[in-house]
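# Breakdown of the fold
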Amino acid sequence: MRILKVEKTAEPHVVRITAVLGETEFEQLAGNLDHLCIFSTKTICEPSRATRTGARHSWAGWLLFPKCLQRQFKTENFDFERIKCGVVKYLDKLYIVHEVSRKSFGSLPADNQK
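This text gives an overview of the structure that appears in the document. (Residues numbered from 1 in each chain as written. Predicted model: local features only at pLDDT ≥ 70, side-chain atom pairs only at ≥ 80, totals over all residues. Heavy atoms only, no water.)

### Details of the overall build of the protein chain
Worth spelling out the cut-off: A run of H or I in DSSP counts as a helix once it spans at least four residues, and a run of E counts as a strand once it spans at least two, with each numbered from the N terminus. Remark: exposure states derive from per-residue accessible area (1.4 Å probe, protein chains only) relative to the maximum for the residue type, with buried under 20%, exposed over 50%, and partly exposed in between. Computed with the Shrake-Rupley method and a 1.4 Å probe, the accessible areas treat only the protein chains shown as cover for residues.
Along its length, the protein chain carries two helices and seven strands. Scored against the burial criterion, the 114 residues of the protein chain give a buried share of 13%. When the accessible surface of the protein chain is split by element, carbon and sulfur atoms take 55% of a total near 10,200 Å².

Here it is as structure tokens:
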């Protein structure tokens, strides 16, 4: 989406936006949200674990990801000792979501700590 112009109107709390949208963006703004599933990260709270297997003791849970996705991440950067899991029910399907936090480096806190 590219916004061309934003202007206030005489009506209270109303702004008129002139923009260029792609077809998909327009359909979403019109309320057609096919294939959209939103969940709260706070629902991913059940402790889970992955086991090490093989000669190099790689993470068995990591094998659930296709090779093309595995290449995007280095397992040594993430803490597979503290995995959390949750389930999202959407229409007639269940989505199993795992949370694997990034390891902290030195004195830097992990992503989920502040």
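### Side note on the sheet that holds strand E3 (residues 46-48)
Hydrogen bonds between backbone groups are what pair the strands of a sheet, and the pairing can be parallel or antiparallel. This is how it is decided: Here, a strand pair is defined by DSSP locating no fewer than two bridges between the strands. Here the axes come from fitting lines to C-alpha atoms, over the contacting stretch only for helices, and the angles between their N-to-C directions go from 0 to 180 degrees.
Ordered in space as E3-E6-E7, the three strands form an open sheet in which the pairing is antiparallel. Edge positions in the sheet fall to E3 and strand E7 (93-102), since each has one partner strand and no second. Across the sheet, the mean angle separating the axes of adjacent strands is 35 degrees when strand polarity is ignored.

### Considerations on unusual backbone geometry
In this structure, His13 takes a positive phi of about 60 degrees despite not being glycine. Tracing the backbone through its elements, the reader meets His13 in the loop between strand E1 (2-8) and strand E2 (15-20). The exposure class of His13 is exposed, given its relative accessible area of 87%.

### A closer look at the pattern of salt bridges
Cut-off, in case you're wondering: A pairing counts as a salt bridge when a side-chain nitrogen of Lys or Arg comes within 4 Å of a carboxyl oxygen of Asp or Glu.
If you walk through the whole model with that rule in mind, you get two salt bridges. As a salt-bridge pair, Glu7 and Lys5 come within 4.0 Å of each other at their nearest N and O atoms. Looking at Glu7, the relative accessible area reads 30%, which means it is partly exposed. One salt bridge in this structure joins Asp79 and Arg82, with 3.0 Å as the shortest N-O distance. Using a relative accessible area of 15% as the deciding quantity, one classes Asp79 as buried.

### A few points about a nonpolar patch on the surface
Basically, it comes down to this: Two distance rules govern patches: like charges are joined within 9 Å, and nonpolar side chains (Val, Leu, Ile, Met, Phe, Trp, Tyr) within 5 Å, applied only to residues with over 30% relative accessible area and no salt bridge.
On the surface, Met1, Ile3, Val6, Val15, Ile17 and Leu29 cluster together to form a nonpolar patch covering roughly 630 Å² of accessible area. Those elements giving two or more residues to the nonpolar patch turn out to be E1 and E2. Mapped onto the fold, Ile3 is located in strand E1.

### Thoughts on the pairing of E2
Strand direction decides the pairing type here: E1 and E2, joined by six bridges, are antiparallel. Pairing of Glu7 across the sheet is with Arg16, part of E2. The loop that links E1 with its antiparallel partner E2 comprises six residues; one of these, His13, has a positive phi angle of about 60 degrees.

### What about the environment of Leu4?
Operational definition: Pairs of residues are marked as contacts when any of their non-hydrogen atoms sit within 4.5 Å.
If you trace the backbone, Leu4 turns up in strand E1. C-alpha of Leu4 to C-alpha of Thr18: the two residues are 14 residues apart in sequence and 5.4 Å apart in space. Setting aside residues up to four positions removed in sequence, Leu4 forms contacts with Thr18, Ala19 and Val20.

### Here we look at the side chain of Asp79
Assignment of secondary structure puts Asp79 in strand E6 (residues 78-90). Sequence-distant contacts of Asp79, defined by excluding residues within four places in its chain, comprise Val100, Ser101 and Lys103.

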